[in-house]
Amino acid sequence: MLYPSLTSSCIRSRILRSTLKTSFKSFSTSQPTLSTASPTNPNFVKIVEVGPRDGLQNEPKPIPPPIKAELINKLAIAGMRNIEAGSFVSPKWVPQMAGTAEVLALIDSFPKTGYSVLVPNQKGLDDLLDILSPSTSPNSHAKPPPPVTEVAIFTSATDAFSLANTNVSVSGSLERLAPVARRALDAGLKVRGYVSVVVTCPFSGRVDPRRVMDVSKELVQMGCYEVSLGDTTGAGTPASIRQMLEEVAKEVDVGVLAGHFHDTNGTATANIMTALDFGLRTFDASVGGLGGCPYSPGATGNVATEDVVYALVGDKLFGDIGEPYGNGEPAKTAQSRWDVGPIDLARLAGIGEWISGVLGRETTSRAGKALLARRKREEERKRKEGAKL
């Protein structure tokens, strides 16, 4: 057994099962429900926008909370319905996540939009719950608590990465997270789990998929409604992603799995298509391709949200066939199989350009660059036509 401490404690497992029964009963169904695939729409693909947290956490310069809040609000207006808004980690270790409480106080509430934050430990959860408590101020115009509907907890598939990231082994990390998940559920929050380095580890090399399976199973048992599998180094290929998923699916229902693929080697979109074929319907992405991992040397950004949306539904931008063949019936145009909800790709491209400019660089989204270039060409064409009149 890879992690004896994961499975040897029968008492702890019984406690967790008992707790989960109580916690699920206490969850308020009146809270905003995050978009997800369903039996009535099995081709709906849920995209979790992680730019405001995972995308910004590795930036070299501090970003003011108002800018972060503006980014989050722009993403919501663009139709993103699942947004990771920040993290309650110690600013000593991840300085860019300082000020998350202020960010949450500044963001607006949009219908059918859910917000999550990362909590690494009990202290992080306590900080979140403090600001989620209803205001006791006599001022009837006091702003309500921020619209956070879930927390994310994280661990990894290797001890080497876990020690570098959280200073404890994988088993120690899971033992630390179990009471955090339990308390979050009791507070009416949903809990999402992350597993880092599911293909290769920057410190120990290739990862045995069985380790990913064991950790994912533990996260589900402690109450995670969804487990996001992270190709943190971006080394994954369609073949290695499929191999990993085949192993994890032996113990974990595919319906609770999500993909979090970095684009270091340009294979993230291909890996998403492979995971879609395998049955996954949830993927993390970052506007403008923002991101990286401070604990994975050399790893570049997350896959760009614009690129994922374009790969799934970009054919809708083609229009009709401009020059049909011969004089017969027009050919049928391509129809995307996938549904990503109300996401506005043109707005996303603009947001990617804007936030990249704030950070002093160009967007890394190829779809975003292409859309922006076409928009500029069209604007230039109209300008020239207007000048002729």
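Residues numbered from 1 in each chain as written. Predicted model: local features only at pLDDT ≥ 70, side-chain atom pairs only at ≥ 80, totals over all residues. Heavy atoms only, no water.

### Thoughts on the nonpolar core
Across soluble globular proteins, nonpolar side chains show a tendency to be buried alongside one another. Of all hydrophobic cores here, the largest spans 89 residues; its most connected members are Ile47, Leu128 and Ile153. For this core, the element with the most residues is helix α8 (residues 170–186), which contributes eight residues. If near-sequence neighbours (up to four positions away) are discounted, Ile47 is found in contact with Met80, Asn82, Phe283, Ala285, Thr305, Val308, Val309, Leu312, Val340 and Ile343. Counting residues in hydrophobic clusters, the runner-up holds six residues, among them Val48, Val50, Ala152 and Tyr194. (Core = buried A, V, L, I, M, F, W, Y, C linked by side-chain atoms within 4.5 Å. Buried < 20%, exposed > 50% of the residue type's maximum accessible area, 1.4 Å probe, protein only. Helix = DSSP H or I, 4+ residues; strand = E, 2+ residues; numbered from the N terminus. Contact = heavy atoms within 4.5 Å.)

### Some details on the pattern of salt bridges
Pairing between side chains of opposite charge can happen when the charged atoms of each approach one another. Per the stated rule, a full pass over the model turns up 17 salt bridges. The closest approach of N and O atoms between Glu84 and Arg53, which form a salt bridge, is 3.0 Å. Of this pair, Glu84 sits in strand β2 (residues 82–87) while Arg53 sits in helix α3 (residues 51–55), and the two are 31 residues apart along the sequence. Comparing Glu84 with Arg53 shows no difference in burial state: the two are buried. Across the pair Lys250 and Glu247 runs a salt bridge, and its minimum N-O distance is 3.1 Å. A relative accessible area of 57% places Lys250 in the exposed class. For Glu247, a relative accessible area of 16% puts it in the buried group. (Salt bridge = Lys/Arg side-chain N within 4 Å of Asp/Glu carboxyl O.)

### Digging into the packing of aromatic side chains
Scanning the model with the defined rule gives two aromatic pairs in all. Residues Phe261 and Phe283 carry aromatic rings whose centres are separated by 6.4 Å and whose planes lie at 50° to one another, so their mutual orientation is tilted. Linking Phe261 in strand β9 (residues 257–261) with Phe283 in strand β10 (residues 282–285), this pair joins segments that are 22 residues apart in sequence. On the basis of relative accessible area, Phe261 is assigned to the buried category, the value being 2%. Judged by its relative accessible area of 1%, Phe283 falls in the buried class. Positioned above the aromatic ring of Tyr194, the side-chain terminus of Arg53 is 5.7 Å from the ring centre. (Phe/Tyr/Trp six-rings, centres within 6.5 Å; stacked < 30°, edge-to-face > 60°. Lys NZ or Arg CZ within 6 Å of the ring centre and 35° of its normal.)

None of the figures reported here should be taken as evidence of function without further support.
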